[in-house]
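# Results of the structural survey
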There are 2 protein chains.
Amino acid sequence: MTKLLHHKLDPSSRLIRLIFAEYDHKIDLEEASPYKSSQNLIEIDPIANVPLLIEEKTSPIIGSLAIVHHIEDIYQQEHNSLIPKNAAERAEMWRLFEWVMGKFNDEVSRYFLEEKIGKREQKIGAPDPKVLRAAKINLIEHEKYFAYLFETRNWFAGKDLTLADFALGAHLSCLDYLGEIDWFNVGETKNWYARLKSRPAFRSLLSDRIIGMPASKHYTDLDF
Amino acid sequence: MTKLLHHKLDPSSRLIRLIFAEYDHKIDLEEASPYKSSQNLIEIDPIANVPLLIEEKTSPIIGSLAIVHHIEDIYQQEHNSLIPKNAAERAEMWRLFEWVMGKFNDEVSRYFLEEKIGKREQKIGAPDPKVLRAAKINLIEHEKYFAYLFETRNWFAGKDLTLADFALGAHLSCLDYLGEIDWFNVGETKNWYARLKSRPAFRSLLSDRIIGMPASKHYTDLDF
């Protein structure tokens, strides 16, 4: 059976879980930490990180881009592909996928996650309020851009659900767990997230809990 | 004709130029700056950045992931594909592609480029020696890892030339222009780079010059 080494609040791990769930392919989950070099990661590759996919008959597949392409090569079927057929929509999907996994991660998510989760797991003190404030300012700018896009489109990259929706959903759901998203100030993004969150693929993420770090009150609510 | 809005010392722009050249598809180049909001970028999309590809009959294609996939969809032919047929090699290619474009960029390239090119273009002072020192320390760690990989493989992701080679070549060539690579201390990476640099696809990069910022002495030498 397919096994994913993941971290519950790692956006890239969540992206992979969402895609597998959307494609209705069941996987085993095994926790690993990107902040501490978990034994299960070190055994595979000293510098490996989550997400890491283990399948029979092939070497471990490491990193979100490798796993995303692997899933598309193997598990995607005509009727449920998350990659648009139309070239312009496909380009828009990759643009936004890169935006979220690169720019949004660099300017927003990783700061919240390193400060709130990373420092806690490494036991190296409390989050730095200056870093969190800077990340929050960046978050608001990105939220404005997402709201602008959702004013004219149903899904993140256009008229269809694509990998880009799950990339953004993976990131926002981590920040939402931490209570960082003010859903009254994100415009149409809220309606989009409500639709994404109510998909069966999202269910397993909503039951994630980190011991000693409760989720925000509305984290599991489909009507938030 | 295909037109690429690019910056001469932007690794993602260089990656796209290399792939087009390797696939023997001629393109027009037009300079744009990721540091100043160039007019030619703003006209297309206020938040657009390089690389940006303009083709007839389709909307502009923005960002390296979107352009890489577009090129693979349109210009790649069986005989010259830079994506391996074998699943394990493909996974290794994407792992290293993500490593270079994500981790290496975040920890190394972007610091050198922002400090040395970005500050100069924005006229906001001299590079910060503390930032450059930190980037150099990170660079050396990455170089050790690359050297370790090249001890047992011809090309970056295995036995064949792939997109991952051009990703790494694009980044290292920018740092080499700036004189940041100490080729006597990178082990087998030097031989790999010499082979990559002598490919016809690399030629146009080697003739790039930034006014007022000369390339390192050995930048164009095939025997360095």
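Let me sum up the structure you'll find in this document. (Residues numbered from 1 in each chain as written. Chains lettered and ligands numbered in written order. Predicted model: local features only at pLDDT ≥ 70, side-chain atom pairs only at ≥ 80, totals over all residues. Heavy atoms only, no water.)

This brings us to the packing of helix α1 (residues 11-22) of chain A against helix α6 (residues 163-177) of chain A. Residues and elements named next belong to chain A. Running from N to C, α1 and α6 cross one another at 130°; their axes reach a closest spacing of 8 Å. The angle between α1 and α6 falls in the class oblique. By crossing handedness, the relation of α1 to α6 is classed as right-handed. Judged by residue contacts, P11, R14, L15, L18, I19 and E22 of α1 engage L163, F166, A167, A170, H171, S173 and C174 from α6. Partitioned by chemical class, the residues of the contact of α1 with α6 number 9 nonpolar, 2 polar and 2 charged. (Axes fitted to C-alpha atoms, helices over the stretch in contact; angles between N-to-C directions. Helix = DSSP H or I, 4+ residues; strand = E, 2+ residues; numbered from the N terminus. Parallel < 35°, antiparallel > 145°, perpendicular 65-115°, else oblique. Left-handed = near helix turned anticlockwise from the far one by under 90°. Contact = heavy atoms within 4.5 Å. Nonpolar A, V, L, I, M, F, W, Y, C, P; charged D, E, K, R; others polar.)

You can overlay chain A on chain B at an RMSD of 0.0 Å; the transform is a turn of 180° with a shift of 0.0 Å along its axis. In the structure described here, the two chain copies are related by an operation that fits a two-fold rotation axis. In terms of C-alpha distance to the rotation axis, chain A has A:G102 as its closest residue, with the C-alpha 3.5 Å off the axis. Looking at chain A, 100% of its interface residues are interface residues in chain B too, so the copies touch through the same face. (Least-squares fit on C-alpha atoms with pLDDT ≥ 70 in both.)

Okay, the packing of helix α6 (residues 163-177) of chain B against helix α7 (residues 189-197) of chain B next. Residues and elements named next belong to chain B. Viewed as axis vectors pointing N to C, α6 and α7 meet at an angle of 100°, and their least axial separation amounts to 11 Å. Between α6 and α7, the angle falls in the class roughly perpendicular. Every residue of α7 that contacts α6 at D165, F166, L168, G169, L172, S173 and D176 is listed here: T189, W192, Y193, L196 and K197. Classifying every residue of the contact of α6 with α7 by side-chain character gives 6 nonpolar, 3 polar and 3 charged.

Note that B:D106 resides in helix α4 (residues 87-121). Put simply, B:D106 and B:P46 are 60 residues apart on the chain and 24 Å apart in space, counted from C-alpha to C-alpha. In this view, B:D106 contacts A:D106, A:R110 and B:Y111; residues no more than four positions away in its chain are not counted.

What follows covers the layout of surface pockets. In this structure, the second largest pocket encloses a volume near 510 Å³. Together, 20 residues line the second largest pocket, and A:H69, A:D73, B:H69, B:D73 and B:I83 are the ones closest to its centre. For the lining of the second largest pocket, the secondary-structure elements that each account for two or more residues are α3 (64-74) and α4 (87-121) of chain A together with α3 (64-74) and α4 of chain B. Of the residues contributing to the lining of the second largest pocket, the split by class is 6 nonpolar, 6 polar and 8 charged. (1 Å grid on protein atoms, 1.4 Å probe; cavity = no way out; pocket = protein on both sides within 12 Å on 5 of 7 lines; lining within 4 Å. Points joined across faces, edges and corners; volume = space filled by probe spheres on them.)

Tracing the sequence through the fold places B:R95 in helix α4. Looking at B:R95, the relative accessible area reads 8%, which means it is buried. Looking at B:R95, its side chain comes within polar contact range of the side chain of B:Y145, at 2.9 Å. For B:R95, the contacting residues outside a window of four places in its chain are A:D45, A:I47, A:I62, A:A66, B:Y145 and B:L149. (Buried < 20%, exposed > 50% of the residue type's maximum accessible area, 1.4 Å probe, protein only. Polar contact = N/O pair within 3.5 Å; in protein donor to acceptor, adjacent residues only side chain to side chain.)

The next point concerns the pairing of strand β1 (residues 3-6) of chain B. All names here are of chain B. With 4 bridges joining them, β1 and strand β2 (residues 28-31) adopt parallel strand pairing. From the neighbouring strand, K3 faces β2, where its bridge partner is D28. Remark: the β1/helix α1 (residues 11-22)/β2 crossover connection has right-handed handedness. (Pairing = 2+ DSSP bridges. Right-handed = clockwise from strand over helix to strand, strands pointing away.)

Once that is clear, we can look at the sheet that holds strand β4 (residues 61-62) of chain B. Residues and elements named next belong to chain B. Across the sheet, 4 strands lie side by side as β2-β1-β3-β4; this open sheet has mixed pairing. Edge positions in the open sheet fall to β2 and β4, since each of these has one partner strand only. Sheet topology places strand β3 (residues 52-54) next to β4; 2 bridges connect them, and they run antiparallel. For L53, the partnering residue across the bridge sits in β4 and is I61.

Turning our eyes to something else, we now look at the nonpolar core. Grouped together as the largest cluster of nonpolar side chains are 138 residues, with contacts concentrated most on A:F97 and B:F97. Excluding anything up to four places from it in sequence, A:F97 contacts A:L15, A:L65, A:V68, A:G102, A:L163, A:A164, A:A167 and B:L65. (Core = buried A, V, L, I, M, F, W, Y, C linked by side-chain atoms within 4.5 Å.)

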